[in-house]
Amino acid sequence: MTSLPKDFVWGVSTSAYQIEGAAAVDGRGPSIWDTRCRTAGGVVNGDSGDVACDHYHRYAEDVALMRDIGVGAYRFSVAWPRVLPRGRGAVNQPGLDFYDRLIDTVLEAGIEPWLCVYHWDLPQALQDRGGWADRDSAGWYADYTTLLARRYGDRVKRWITFNEFSVFTLFGYAIPWAAPGITDRDQHLRAIHHVNLAHGAGVDAIRALVPGASIGAVHNRQRVLPEGGRPENAEAAALLDEHWNLTFCDPQLLGHYPPRVARAIEPYVQAGDMARICRPMDWFGLNHYGPIFARVNPDTTWGYGWGDAPPDSPTYGVGWAVFPDAFRDELMEITRRYRMPIVITENGCGGSDSPDESGVIDDQHRINYLRLYNASMHEAIRGGADVRGYFVWSLLDNFEWGSGYGNRFGIVHVDFESQKRTPKASARWYADLIKRARSAA
Ligand code: FCB
């Protein structure tokens, strides 16, 4: 293994709706995910984030777990409807106070807070006005970001504008796998452009208000391959690749949309927009799990659907394929295309881990996955990728969106009945990795 720079950041990631619970406590307003969870068929089992890990009340215990693992950084998100219950206008003081307490506790534990402004939980009141399909959404987001930057910018220096732009726009507006569950080309294109504008406006607000801010955006990138390598799936893969991998990175970092999207999105782009979107960024946040296989499917909004991995692919836990080489290749591709420092803001492995008779959770499948992906990260660094940090998804088992509580990604097990936290074998493995990496630096 290569030795990493002394200031290499080891962290864990979470998001508000997936862990906080306390959905109707202290004045929080409803989000589009509360609505989704109440919609028949929206989430497996009818699960919801109403209680989740009850992190809103148990955050101090969770920060202590992070300190014990030895992480240097904690990536979390703010719930927009907790601080602005209707999305705009009146602020909710108890909601703002919660993040003050959280940030202070994280700092006292010697951990650096990395604040993600938006991880998918749009206030329902804003969806009722059209959500991201309304051009005004860029302004709503800018005002919300301004509120956070003013309030927390004295203590928080690491800022993330959005988590996984393409997932929540594609699955929210074209393929109905996430809130708000719309399937409409026109709304999808509008949402793409307005989220890009919001990103640019958010960067400007943070830059103006937070001295010394280090700002990134978190992109999910995974290679898109035609299912079975078949030529009839090639165009499906090419369009999905644009939607998934390029539609946000390219305008934000290169100042233009990829070709297919550029043609379709033209009616929504106004003079000056591309300069508003393409703002100077400090680092590229990468979330990566594994490659995607696309197949032609005329019944979907864009004519493509999710295909299957080759039948002989190695899989883990919930059946996702394990392709560590694709992770290395992605890091090299980002380096080639965007030439900037990279922080791996999510990487991890789901499963249905449960304790054995003695209460031990021996998640060797996750340790294997993390080991392989870390080795690939080292390969990319040797190949010239400027990787500055690595965050495991996730600290805790949590509400995994459409799959509810069935898919556990935590390195700490959560018993959702008792809310008892138990570090899994992977938490000890990660603690040890961090210790070894630090002493080798
Ligand atoms: C990512 C999301 C995160 C979590 C992981 C498993 O796409 O950003 O919230 O759901 O996948």
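Cut-offs applied
- Residues numbered from 1 in each chain as written.
- Predicted model: local features only at pLDDT ≥ 70, side-chain atom pairs only at ≥ 80, totals over all residues.
- Heavy atoms only, no water.
- UniProt positions renumbered as here; feature names shortened; annotations may be inferred.
- Helix = DSSP H or I, 4+ residues; strand = E, 2+ residues; numbered from the N terminus.
- Rg over C-alpha atoms; globule rule 2.2 N^0.38 Å.
- Buried < 20%, exposed > 50% of the residue type's maximum accessible area, 1.4 Å probe, protein only.
- Contact = heavy atoms within 4.5 Å.
- Areas by Shrake-Rupley, 256 points an atom, 1.4 Å probe, with all protein chains shown as cover.
- Lys, Arg positive; Asp, Glu negative; His and termini not counted.
- Charge placed at Lys NZ, Arg CZ, Asp CG, Glu CD.
- Phe/Tyr/Trp six-rings, centres within 6.5 Å; stacked < 30°, edge-to-face > 60°.
- Near = heavy atom within 4 Å.
- Polar contact = N/O pair within 3.5 Å; in protein donor to acceptor, adjacent residues only side chain to side chain.
- Nonpolar A, V, L, I, M, F, W, Y, C, P; charged D, E, K, R; others polar.
- Axes fitted to C-alpha atoms, helices over the stretch in contact; angles between N-to-C directions.
- Parallel < 35°, antiparallel > 145°, perpendicular 65-115°, else oblique.
- Left-handed = near helix turned anticlockwise from the far one by under 90°.

As recorded in an unreviewed UniProt entry, the protein goes by the name Beta-glucosidase, listed as coming from Azospirillum argentinense. What UniProt records for the protein under Sequence similarities (unreviewed entry) is the sentence "Belongs to the glycosyl hydrolase 1 family."

Undergrad: With reference to specific residues and values, describe the overall build of the protein.
TA: When you go through the protein residue by residue, the secondary structure sums to 16 helices and 15 strands. Rg of the C-alpha trace for the protein: 20 Å, near the compact-globule value of 22 Å for 441 residues, within the 12% margin. Along the first, second and third principal axes, the C-alpha set of the protein runs to 60 × 55 × 45 Å. Evaluated residue by residue, the protein yields a buried proportion of 60% over its 441 residues. Across the protein, contacts joining residues at least 24 apart in sequence account for 77% of those joining residues at least 6 apart. When the accessible area of the protein is evaluated, it comes to approximately 16,200 Å², of which 51% is carbon and sulfur surface. Distance from the positive charge centre (45 side chains) to the negative charge centre (54 side chains) of the protein: 4 Å.

Undergrad: Describe the packing of aromatic side chains, listing the residues and the values that go with them.
TA: Overall, the coordinates contain 43 aromatic pairs when judged by the stated rule. The interplanar angle of 50° and the centroid separation of 5.7 Å between the aromatic rings of Phe 171 and Trp 244 together place this pair among those described as tilted. In this pair, Phe 171 is assigned in helix H8 (residues 165–173) and Trp 244 in helix H10 (residues 234–246), connecting sequence segments 73 residues apart. Between Phe 399 and Trp 401 the ring centres are 6.2 Å apart and the planes differ by 75°, which places this aromatic pair in the edge-to-face class. Trp 401 matches Phe 399 in its accessibility class, with the two residues each being buried. Here the aromatic cluster, defined as three or more aromatic residues joined through ring pairs, consists of Trp 80, Tyr 118, Trp 132, Tyr 141, Tyr 144, Phe 162, Phe 165, Phe 168 and Phe 248.

Undergrad: If you had to explain unusual backbone geometry to someone new, which residues and values would you point to?
TA: The step from Ala 179 to Pro 180 runs through a cis peptide bond, and the omega angle for that step is 0°. Within the secondary structure, Pro 180 is located in the loop between H8 and helix H9 (185–209). Cis rather than trans, the peptide bond between Trp 393 and Ser 394 has omega equal to 10°. Position of Ser 394 among the secondary structure elements: in the loop between strand S13 (387–393) and strand S14 (412–415). At Asp 54, a residue that is not glycine, the phi angle is positive and equals roughly 50°. Relative to the assigned elements, Asp 54 resides in the loop between helix H2 (32–37) and helix H3 (55–69).

Undergrad: Would you mind going over the site of the ligand in detail, with residue names and values included?
TA: What surrounds the ligand is the set Gln 18, His 119, Trp 120, Asn 163, Glu 164, Asn 287, Tyr 289, Glu 346, Trp 393, Glu 400, Trp 401 and Phe 409. At a separation of 2.7 Å, an oxygen atom of the ligand approaches a polar side-chain atom of Gln 18. In this structure, an oxygen atom belonging to the ligand sits 2.8 Å away from a side-chain N or O atom of His 119. Coverage of the ligand by the protein chains reaches 93% of its 300 Å² of free accessible surface. Split into classes, the residues belonging to the shell around the ligand amount to five nonpolar, four polar and three charged.

Undergrad: Let's hear about the packing of H8 against H9: which residues, and what values?
TA: Two elements in contact, H8 and H9, have axes whose closest approach is 9 Å; the angle formed by their N-to-C orientations is 150°. Between H8 and H9, the angle is such that the two are roughly antiparallel. In this structure, the crossing between H8 and H9 has a hand that is right-handed. Here H8 contributes Phe 165, Phe 168, Thr 169, Leu 170 and Tyr 173 to the contact with H9, which in turn contributes Gln 187, His 188, Ala 191, Ile 192, Val 195 and His 199. Here the residues of the contact of H8 with H9 are counted per class, giving seven nonpolar, four polar and no charged.

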